[in-house]
Amino acid sequence: MYEKNIKYLNDKFPLIYNKLEKTEISIGYEQVGETLKVGKLSLFSKYDPVREAQIIFQKWLDENQPVNFSSIMNIVGVSNPYLIKNFILKFKTNLIISNYQLFKILLNYYDFTDIFQKVFLISDCERPNIYDGYKYIIKSDLKLFPEISQVGIESSSFDNPKILIVKPFYGGSLPIINYLEMNLKKNGLNYRSIDSDLSFSTFNLITNTLTNNNSISEMRVMLADFVSKLTYFTIEEFKPDIIIAVAQAPLNQKLLQYAKEKGIVTAFWFVEDYKLFTYWKYFAPLYDYYFVIQKGDFIKELKDIGQKNPFYLPLACEPSIHRPLELSIDDIKKYASGVSFVGAGYYNRRKFFQKFINYDFKIWGSDWDGESALKSYIQEGGRRVSTEESVKIFNASLINLNLHSSTYYEGIDPEGDFVNPRTFEIAACNSYQLVDKRRLMSEHFAADEILSFSTESELKKMINSILNDNQIYKDVRERSYKRVIAEHTYQNRLEQIAQIIGFKVKGVSYPENSKEFYISKYKNLKEIAEAIKSKKDVSRTEVIFLMMRALEETYLK
């Protein structure tokens, strides 16, 4: 039973998993009938704990009328899983671990996995973000451990940390750290950023001026050292508590050692395929926390080389950017197609896409040079596509192909594991997406929430069904959209990072009637206008939205 429980914790609540692994049990306990005795106290009925829990729960309901079931329930203590199950059926619940010894004992005897699926599990080093809802203290925890007060929770490791983020010069990880920065700002966190991407023009100058690879490499190292020196002075001036960097960020070993000496917590998000990009072997042990987009052997290898805190952290979407759009006529003419693809011209894509040239197919993105078979389908000479344009393409295309890259397979990588950012971004646009099967996909989307293919014939069948307006696939698209907005945003990822490192994230809460409130809640101007029309009094912001909708109706008919 313990292995089943702990496996789920390792995947879903890694901070708590780590604390449990370090916890040693020093208190006496034994199983008596259906109950556990810790010391002299039975945690619940040894005859019928299920019935006992139902009676206690009903008594609580009677004593707290009227009960607001939309409130967040904060349960401090885990000593009665039967009672917890009654609460999670009615409430969205925060479950706070007040004593790790007791928790570890219980995990050996009772299956908590159905509880873990429905609660937000909080370590005793944190406070729930929302503490104004109903609170309930499980009494047996207090009897066993009287040092637990009704608050029963210590303050976070960092109450209001200063966070320094270090960006790469360029590449796919740059927008990821930008989205993370957006959410740091939205949550009101105290941060500063090293915008290494501003040095990209110098980076290009080196590449465009020199031809000798050794000279280019030496100059790139010098540029990286310059940014590291800038980071050093920023640390001296800003005095951060935490440094967060992503793949390709120009931090050298000397700087990381300096941060360690200063007691600064360092975290790195490696958002690349560890088999292709192996520089992690030299840097991973130097970071306090190492977040990755792959599992299994990679996690093991990280631990083997001395990285003590490797964590799986998948990519995500940014709903303020990746969202459904009402496109202009010009955008529709430019970007619309039956089938589209946005991305670089990797080997497998060049080979696989040749089998789909009979469709109304547009390929957007760079690095397609020399691909004569697809030349007429590659848009605008294979130039780079901005994030803004990508979102327009996702919205304008009837079907968005999403084939993960491979440098050695001629199509679908049968060993593919990580899920690329495009998967989450297309879903957030509420657009049709057909994505190749990945081993880790099921951790993020249920089978009826994503359209995955594993063969050429399977993909063609899906394309034809969607082109024929198959309602079943439309329902899948809607479920995918709801899932990604609920669980796979960069706000979600920031909260996961915060839980693991140990600092607070308030959660974004936009003032009602603000621009941000309407953009985050509704898909398009039409929906926003409908919501505003039902109100008696409207604000200036709401009047502007109504005017924009009127213009849209006038000129896009």
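So, here's what we can say about the structure. Residue numbers restart at each chain and count upward from 1, following the sequence in its written direction. Only residues with pLDDT of 70 or above have their local features reported here, since the model is predicted, and side-chain atom pairs are shown and tallied only from 80 upward, although totals for entire chains, interfaces and linings are computed over all residues. Calculation of side-chain values draws on the structure's entire complement of heavy atoms; hydrogens and water are dropped beforehand.

**Re the overall build of the protein chain**
The numbering of helices and of strands both runs from the N terminus, where a helix is a DSSP run of H or I of at least 4 residues and a strand a run of E of at least 2. Across its full length, the protein chain carries 23 helices and 18 strands. Burial status across the protein chain gives 51% buried among its 557 residues. Excluding contacts between residues fewer than 6 apart, the proportion of contacts in the protein chain whose partners are at least 24 apart in sequence is 64%. Residue-level accessible areas treat just the shown protein chains as cover; the underlying method is Shrake-Rupley with a 1.4 Å probe. In the structure as shown, the protein chain presents an accessible area of about 27400 Å², 50% of it carried by carbon and sulfur atoms. Remark: exposure states derive from per-residue accessible area (1.4 Å probe, protein chains only) relative to the maximum for the residue type, with buried under 20%, exposed over 50%, and partly exposed in between. Note on definitions: a residue-residue contact is assigned when non-hydrogen atoms from the two residues lie within 4.5 Å.

**Digging into helix α13 (residues 297–304)**
Listing the buried residues of α13 in full gives F298, I299 and L302. End-on view of α13: buried residues confined to an arc of 100 degrees, all on one side of the axis. Opposite the packed face of α13, turned more than 90 degrees from it, sit the exposed residues D297, K300 and D304. Those residues of α13 hidden inside the fold are in contact with β11 (265–270), α12 (280–283), β12 (289–292) and β13 (310–312). The directions from the helix axis to the C-beta atoms are what the arc is built from.

**Quick look at empty space enclosed by the protein**
Computed over the protein atoms alone on a 1 Å grid, cavities are sets of points where a 1.4 Å probe fits but cannot get out and pockets are open sets with protein on both sides within 12 Å along at least five of seven lines; a residue lines them when it has an atom within 4 Å of a point. Grid points are joined across faces, edges and corners, and a volume is the space filled by probe spheres set on the points. A complete count under the given rule lists one cavity of 30 Å³ or more for this structure. The computed volume of the largest cavity comes to approximately 60 Å³. Taken together, S431, Y432, Q433, E449, I450, L451, V476, R477 and S480 make up the full set of residues lining the largest cavity. The element contributing the most residues to the lining of the largest cavity is helix α19 (residues 471–487), with three residues. Think of it as three bins: nonpolar holds Ala, Val, Leu, Ile, Met, Phe, Trp, Tyr, Cys and Pro, charged holds Asp, Glu, Lys and Arg, and polar takes everything else, Gly as well. For the lining of the largest cavity, the residue count by class is four nonpolar, three polar and two charged.

**Quick notes on unusual backbone geometry**
Positioned with a positive phi, K239 is a non-glycine residue whose angle comes to about 55 degrees. Within the secondary structure, K239 sits in the loop between α10 (213–238) and β10 (242–246). Of note, the phi angle at N430 is positive, near 55 degrees, even though the residue is not glycine. Here N430 lies in the loop between α17 (421–428) and β17 (433–436). Residue classification places N430 among the buried residues on the basis of a relative accessible area of 12%.

**Description of the environment of K482**
Mapped onto the secondary structure, K482 falls in helix α19. Taking relative accessible area as the criterion, K482 reaches 59% and is therefore assigned exposed. Sequence spacing of K482 and N430 is 52 residues, and the spatial spacing of their C-alpha atoms is 8.6 Å.

**Examining the packing of aromatic side chains**
Pairs were defined over the aromatic rings of Phe, Tyr and Trp, the Trp ring being its six-membered one, requiring ring centres within 6.5 Å. Orientation was assigned from the angle between planes: stacked under 30 degrees, edge-to-face over 60, tilted for the rest. Within the structure shown, the criterion is met by 33 aromatic pairs. Centroid distance Y274 to W280: 5.9 Å. Interplanar angle 65 degrees. Geometry classified as edge-to-face. Since its relative accessible area comes to 8%, Y274 is described here as buried. Exposure remark for W280: the relative accessible area of 2% places this residue in the buried category. An aromatic cluster is built from F268, F270, Y274, Y279, W280, Y287, Y290 and F298, whose rings are joined through pairwise contacts. The aromatic ring of F418 is capped on one face by R438, whose charged end is 4.8 Å from the ring centroid. Of note, R493 hangs over the ring of F424, and the distance from its end group to the ring centre comes to 6.0 Å. To sit over a ring, a charge needs its Lys NZ or Arg CZ within 6 Å of the ring centre and within 35 degrees of the ring normal.

**Considerations on the pattern of salt bridges**
A side-chain nitrogen of Lys or Arg and a carboxyl oxygen of Asp or Glu constitute a salt bridge if their distance falls within 4 Å. For the structure on display, the rule yields 26 salt bridges. Ionic pairing is found between D436 and R438, a salt bridge with its closest N-O pair at 3.7 Å. Pair check on accessibility: D436 and R438 agree, each one buried. For E530, the salt bridge identified is with K533, shortest N-O distance 4.0 Å. Note that E530 and K533 are positioned in helix α22 (residues 525–533) at a spacing of three residues, about one turn of the helix. Via salt bridges that share partners, K334, E380, R383 and E389 belong to a single interconnected network.

**A look at the nonpolar core**
Counting residues in each nonpolar core, the largest one holds 45 residues, and the members touching the most others are W269, F291, I501 and F503. Elements supplying a minimum of two residues to this core: β8 (162–166), α8 (173–186), β10, β11, β12, β13, α17 and α20 (490–501). Counting 39 residues, the second largest nonpolar core, distinct from the first, contains L95, I105, L107 and V119. To qualify as a nonpolar core, a set must consist of buried Ala, Val, Leu, Ile, Met, Phe, Trp, Tyr and Cys residues joined through side-chain atoms within 4.5 Å.

**Re the state of the cysteines**
Disulfides are defined in this document as cysteine sulfur pairs within 2.5 Å. Applying the stated criterion to the full structure yields zero disulfides. Not engaged in a disulfide, the cysteine C429 finds its nearest cysteine sulfur in C317; these two sulfurs lie 8.5 Å apart.

**Digging into the environment of L102**
Relative to the helices and strands, L102 is located in helix α5 (residues 100–107). Along the sequence, L102 and V78 sit 24 residues apart, while their C-alpha atoms lie 7.9 Å from each other.

**A word on the sheet that holds β17**
Ordered in space as β15-β14-β16-β17-β18, the five strands form an open sheet in which the pairing is parallel. Where the open sheet ends on each side, the last strands, each with one partner, are β15 (361–364) and β18 (451–453). Strand-to-strand twist in this sheet, taken as the mean axis angle between neighbours without regard to direction, amounts to 25 degrees. With three bridges joining them, strand β14 (residues 337–342) and strand β16 (residues 397–402) adopt parallel strand pairing. From the neighbouring strand, S337 faces β16, where its bridge partner is S397. The pairing criterion for strands is at least two bridges between them, as found by DSSP. A fitted line through C-alpha atoms serves as each axis, taken over the contacting stretch for helices, and the angle formed by two N-to-C directions is quoted from 0 to 180°.

**Quick word on the pairing of β16**
Of all six residues in β16, five are buried; the element is thus mostly enclosed. The pairing of β16 with β17 spans three bridges and is classified as parallel. Note that in β17 the partner of N402 across the bridge is V435. For crossovers, right-handed means that the path from the first strand over the helix to the second runs clockwise, given strands pointing away from the viewer. This β-α-β element, β16 to α17 to β17, shows right-handed connectivity.

Everything listed here is a matter of geometry and, on its own, says nothing about what the molecule does.
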